[in-house]
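Per-entry structural report
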Amino acid sequence: MTDASRLIPVITIDGPSASGKGTVAALVAQALGFHYLDSGALYRVTALAARDAGISLEDETSLSELAANLDLAFRDGECYLDGRSVGDRIRSEAAGGDASRIAALPALRAALLARQRAFRQSPGLVTDGRDMGTVVFPGAQVKVYLTASVEERARRRYNQLIEKGLPANLDDLLMDLRQRDARDASRATAPMRQAADAHALDTTGLTVGQAMDAVLGWYAQANAKTVTE
Ligand code: DC
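Residues numbered from 1 in each chain as written. Predicted model: local features only at pLDDT ≥ 70, side-chain atom pairs only at ≥ 80, totals over all residues. Heavy atoms only, no water.

The element strand β7 (residues 142-147) is largely enclosed, with a buried count of five among its six residues. Alignment of strand β1 (residues 10-14) against β7, held across four bridges, turns out to be parallel. Bridge pairing links Ile13 to Val144 in β7. Relative to strand β8 (residues 199-202), β7 runs parallel, the two being bridged by four bridges. (Buried < 20%, exposed > 50% of the residue type's maximum accessible area, 1.4 Å probe, protein only. Helix = DSSP H or I, 4+ residues; strand = E, 2+ residues; numbered from the N terminus. Pairing = 2+ DSSP bridges.)

So, in structure tokens, the structure goes:
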């Protein structure tokens with residue numbers, strides 16, 4: 001990291017699957033005119049590219065090489081792999097499960113590190129994931145750990161799928177989320193956890209607007225503190 005990039009503000013929002021962190025992060029980025037990085041998309045796209053290339057999701061060396069060389073672009077909230085939009089293909093529950101599996105591989109995580117840090121560009125970055133505040137941007141100005149009860153998260157995911165006209169089963173979603181939480185939190189490398197200096201935000205029963213306002217409030221507080229120091 002250069003000295004100049006250290007001055008660019010970063011807000012990290014970590015937390016479990018379907019907690020709403022992506023929606024909140026994107027809205028906060030929009031409100032501040034900051035860049036937005038959905039780090040989970042990098043794991044999802046890597047898993048998709050591996051499936052397309054016939055690479056086993058256990059082959060750490062090949063997966064790491066693949067991740068380091070992916071031709072990936074984000075534009076207007078859409079993700080492009082080799083110039084083709086892959087939004088729908090990476091958003092499925094199966095793609096999330098694949099992403100969670102390969103995310104346990106240390107060499108793969110290392111291969112994605114520089115790519116993620118390159119998103120720290122002026123005037124600022126809002127990013128969401130599992131280890132944004134603990135590993136990727138440990139010096140972030142504001143860190144948030146955003147949660148919601150597993151039942152609420154399953155309900156939200158269920159409603160999203162139904163709205164899109166996709167099949168959904170609440171019990172299956174609950175089981176998948178529990179499995180994914182356990183895998184993401186128990187892996188040895190960069191497990192999902194709240195950074196010591198992160199604000200905890202439980203969004204069960206909160207609207208997206210209320211969650212966004214809480215994050216913007218913490219950011220304003222952090223700025224005021226910097227100015228008076
Ligand atoms: O946030 P998401 O559901 O799109 O993430 C999909 C999977 O990717 C998640 O289950 C674990 C992994 N992931 C990770 O290990 N670290 C991140 N910073 C983001 C996602």
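This part covers the nonpolar core. Note that soluble globular proteins tend to have their nonpolar side chains buried in a common cluster. Formed by 31 residues in total, the largest nonpolar core has its most connected members in Val45 and Leu81. For this core, the secondary-structure elements that each account for two or more residues are α3 (39-53), α4 (60-69), β4 (78-81), α6 (93-102), α7 (106-117) and α8 (132-136). The element that contributes the greatest number of residues to this core is α3, accounting for eight residues. When sequence neighbours within four positions are dropped, the list of residues in contact with Val45 reads Leu70, Leu72, Cys79, Leu81, Val86 and Ile90. Listed in part, the 18 residues of the second largest apolar core include Ile11, Val142, Leu146 and Ala211. (Core = buried A, V, L, I, M, F, W, Y, C linked by side-chain atoms within 4.5 Å. Contact = heavy atoms within 4.5 Å.)

It is worth spelling out the site of the ligand at this point. Around the ligand sit 16 residues, and of these Arg44, Arg109, Asp131, Asp184 and Arg187 come closest. One of the side-chain nitrogen or oxygen atoms of Arg180 is found 3.1 Å away from an oxygen atom of the ligand. Between the ligand and Arg187 there is a distance of 2.9 Å, counted from an oxygen atom to a side-chain nitrogen or oxygen. With four residues, α3 is the largest single contributor of residues to the shell around the ligand. Considered class by class, the residues forming the shell around the ligand number four nonpolar, four polar and eight charged. (Near = heavy atom within 4 Å. Polar contact = N/O pair within 3.5 Å; in protein donor to acceptor, adjacent residues only side chain to side chain. Nonpolar A, V, L, I, M, F, W, Y, C, P; charged D, E, K, R; others polar.)

Our focus in this paragraph is the packing of aromatic side chains. Taken as a whole and judged by the stated rule, the model has two aromatic pairs. Relative to Tyr219, the ring of Phe34 has its centre 5.8 Å away and its plane inclined at 85°; by these criteria the two rings are edge-to-face. Here Phe34 is found in the loop between α2 (21-32) and β2 (35-38), whereas its partner Tyr219 is found in helix α11 (residues 208-228), with 185 residues between them in sequence. With respect to burial, Phe34 and Tyr219 carry one shared label: buried. Ring centres 5.9 Å apart and planes at 70° place the aromatic pair Phe74 and Phe119 in the edge-to-face group. With Phe74 in strand β3 (residues 72-75) and Phe119 in the loop between α7 and β6 (125-129), this pair connects stretches of sequence that are 45 residues apart. (Phe/Tyr/Trp six-rings, centres within 6.5 Å; stacked < 30°, edge-to-face > 60°.)

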